[in-house]
Amino acid sequence: MSAPPVTRSSTSQSAASASAASSRHLEIQPVEFENCFSKKPFLIQHNLCTHPLFSMERILELSRRLPESCIEYNAGNLPVSIDPALTPRNGLSVEETIRRIEECRSWMVLKYVENDPEYAQLLNECLEEIRPYSEPIAPGMMQPQAFVFVSSPGSVTPFHIDPEHNFLLQIRGSKEVRMLDGTDSNIVSEEDLEGFYSDRGRNLKLKKSAEETGWTYQLQSGQGLHFPVTFPHWVRNGNSVSISFSITFRTPDLDRRRALYQANANLRARGWKPWPVGKNSLRDSLIYTGFRLQRKLGQILHKPEKHACSDRKCGM
């Protein structure tokens with residue numbers, strides 16, 4: 001029996017599906033996403049390695065458009081654990097650092113690059129591909145932000161935590177990523193989180209007992225890695241220049257989390273020993289309700305509220 005003729009409408013639908021697939025930036029495994037998102041790291045694939053926004057000349061142009069406060073850079077030959085105040089500068093300008101990145105042993109991040117319309121469009125396109133998978137797990141995607149990392153061969157990003165849902169997309173070169181379980185209080189204590197959410201720094205001290213735990217990823221160009229919120233990690237670049245694109249977003253539950261840890265930090269500063277966040281849901285709800293009322297009152301009285309992203313010190 002001969003196959004039935006293909007109608008014009010089905011041909012159009014097939015072409016549309018193929019076109020949509022070819023225009024996607026990310027390749028996500030739905031079951032793995034559902035099982036792992038916000039619980040443990042997992043890999044995805046992406047198609048951005050040849051995207052023009054990640055050429056060195058375009059990154060250099062981006063650096064000229066961003067305010068100085070949105071560019072952080074320093075010497076890259078660092079130990080895994082270091083006090084941020086002791087991180088050495090590299091003695092070069094931003095432009096020199098980018099142009100000489102292959103030999104200047106430096107690490108650089110261009111922060112909040114969504115302020116550039118082209119990077120904003122790319123960020124939003126990527127997050128729209130993530131949204132259908134993340135919404136059933138952590139609804140309310142908001143505050144999209146993006147970061148471009150440019151690093152010399154062998155440079156190190158010290159042990160630290162970050163406050164948002166994050167996918168790091170490796171564009172050029174490679175990175176070894178070591179990530180530890182952020183839900184283990186022996187690795188990240190309540191006091192660590194209270195300090196972090198109270199803007200006392202992102203870097204952590206790596207305990208000897210934790211050095212061999214967690215996950216190790218050899219992240220190659222074309223791969224992306226999910227970092228659950230406040231899962232501590234450090235990164236060592238491979239033997240060539242590395243360019244990475246970090247796409248991040250917040251959800252309302254993270255706003256609540258930050259408020260609860262700030263409240264506990266205030267109680268601890270007054271000599272109390274507060275219950276860990278999550279131990280008593282009623283107590284957490286009451287504290288968060290009070291926080292929201294206080295914030296709303298501040299808005300009514302026209303008091304400037306601290307930017308919700310102030311806990312992002314940009315480390316990847």
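Look a little higher up for the structure.
What comes next is a walk through the structure. All values reported here derive from a predicted model rather than from experimental measurement.

Axis separation between helix α7 (residues 252-269) and helix α8 (residues 281-300) bottoms out at 9 Å; the angle between their running directions is 95 degrees. One finds that α7 runs roughly perpendicular with respect to α8. Side by side, α7 and α8 meet where P252, D255, R256, A259, L260, Q262, A263, N264 and L267 of the first sit next to S281, R283, D284, S285, I287, Y288, F291 and R295 of the second. Of the residues assigned to the contact of α7 with α8, the class counts are 8 nonpolar, 4 polar and 5 charged.

Turning to its location among the elements, S209 is positioned in the loop between α6 (190-197) and β9 (215-220). A residue is classified by how much of its surface remains accessible, and S209, at 65% relative accessible area, is exposed. Each C-alpha atom of the pair S209 and I187 lies 8.8 Å from the other, and the pair is 22 residues apart in sequence.

All right, on to unusual backbone geometry then. Residues other than glycine seldom take positive phi values, yet Y112 does so here, at roughly 55 degrees. Within the element layout of this structure, Y112 appears in the loop between β4 (106-110) and α5 (117-134). Backbone geometry at D199 places phi at a positive 65 degrees, although glycine is not the residue there. Relative to the helices and strands, D199 is located in the loop between α6 and β9.

As a further point, take the pairing of strand β6 (residues 156-160). Here β6 lies mainly inside the structure; 5 of its 5 residues are buried. Pairing of β6 with strand β11 (residues 233-237) involves 3 bridges; the strand directions are antiparallel. Directly across from T157, in β11, lies its bridge partner V235.

For the rest of this paragraph, the subject is the packing of aromatic side chains. Counting across every chain of the model gives 16 aromatic pairs. Both rings, one in F33 and one in F37, keep their centres 4.9 Å apart while their planes meet at 10 degrees; by these two values the pair is stacked. You'll find F33 and F37 in the same group, each marked buried. Judged by centre distance (5.5 Å) and plane angle (70 degrees), the ring pair of F33 and F42 falls under edge-to-face. For the pair shown, F33 and F42 are each scored as buried. Chaining the aromatic ring pairs together yields one cluster made of F33, F37, F42, Y133, F167 and F249. The ring of W275 has K279 sitting right over it, with the charged end atom 5.5 Å from the ring centre.

If charged atoms from side chains of opposite charge come close, those side chains can pair. By the definition in use, this model includes 16 salt bridges. When the shortest N-O distance is used, the salt bridge between D116 and R58 registers 3.0 Å. Remark: R58 occurs in helix α3 (residues 56-65) and D116 occurs in the loop between β4 and α5; sequence separation between them is 58 residues. There is no split in this pair, since D116 and R58 are both buried. For R100, the salt bridge is made with E103, and the minimal N-O distance between the two is 3.7 Å. Since its relative accessible area comes to 37%, R100 is described here as partly exposed. Ionic contacts of the salt-bridge type, sharing partners, join the residues R58, E61, R65, D116 and E118 into one network.

It is the contact of α6 with α7, at a shortest axis distance of 8 Å, that shows an interaxial angle of 105 degrees. Between α6 and α7, the angle is such that the two are roughly perpendicular. Taking contact as the criterion, the partners of E190, E191, L193, E194 and Y197 in α6 are, on α7, R257, R258, Y261, Q262, N264, A265 and R268. Taken together, the residues of the contact of α6 with α7 sort by class into 4 nonpolar, 2 polar and 6 charged.

A general tendency of soluble globular proteins is for nonpolar side chains to be buried together. Among the nonpolar cores identified, the biggest contains 58 residues, and F54, I130, V148, F245 and I247 are the most heavily contacted of them. In terms of residue count, the dominant contributor to this core is α5 (6 residues). Leaving out residues up to four positions away in the same chain, I247 has contacts with L26, L123, C126, L127, I130, Q145, H165, N166, F167 and L169. In this structure, I187, L193, L204 and A210 belong to the second largest nonpolar core, which totals 15 residues.

Below, the discussion takes up α3. The complete set of buried residues in α3 reads R58, I59, L60, L62 and S63. In this fold, the buried residues of α3 make contact with β3 (71-75), α4 (94-99), β4, α5, β5 (142-151) and β12 (242-250).

Calculation rules
Residues numbered from 1 in each chain as written. Predicted model: local features only at pLDDT ≥ 70, side-chain atom pairs only at ≥ 80, totals over all residues. Heavy atoms only, no water. Axes fitted to C-alpha atoms, helices over the stretch in contact; angles between N-to-C directions. Helix = DSSP H or I, 4+ residues; strand = E, 2+ residues; numbered from the N terminus. Parallel < 35°, antiparallel > 145°, perpendicular 65-115°, else oblique. Contact = heavy atoms within 4.5 Å. Nonpolar A, V, L, I, M, F, W, Y, C, P; charged D, E, K, R; others polar. Buried < 20%, exposed > 50% of the residue type's maximum accessible area, 1.4 Å probe, protein only. Pairing = 2+ DSSP bridges. Phe/Tyr/Trp six-rings, centres within 6.5 Å; stacked < 30°, edge-to-face > 60°. Lys NZ or Arg CZ within 6 Å of the ring centre and 35° of its normal. Salt bridge = Lys/Arg side-chain N within 4 Å of Asp/Glu carboxyl O. Core = buried A, V, L, I, M, F, W, Y, C linked by side-chain atoms within 4.5 Å.

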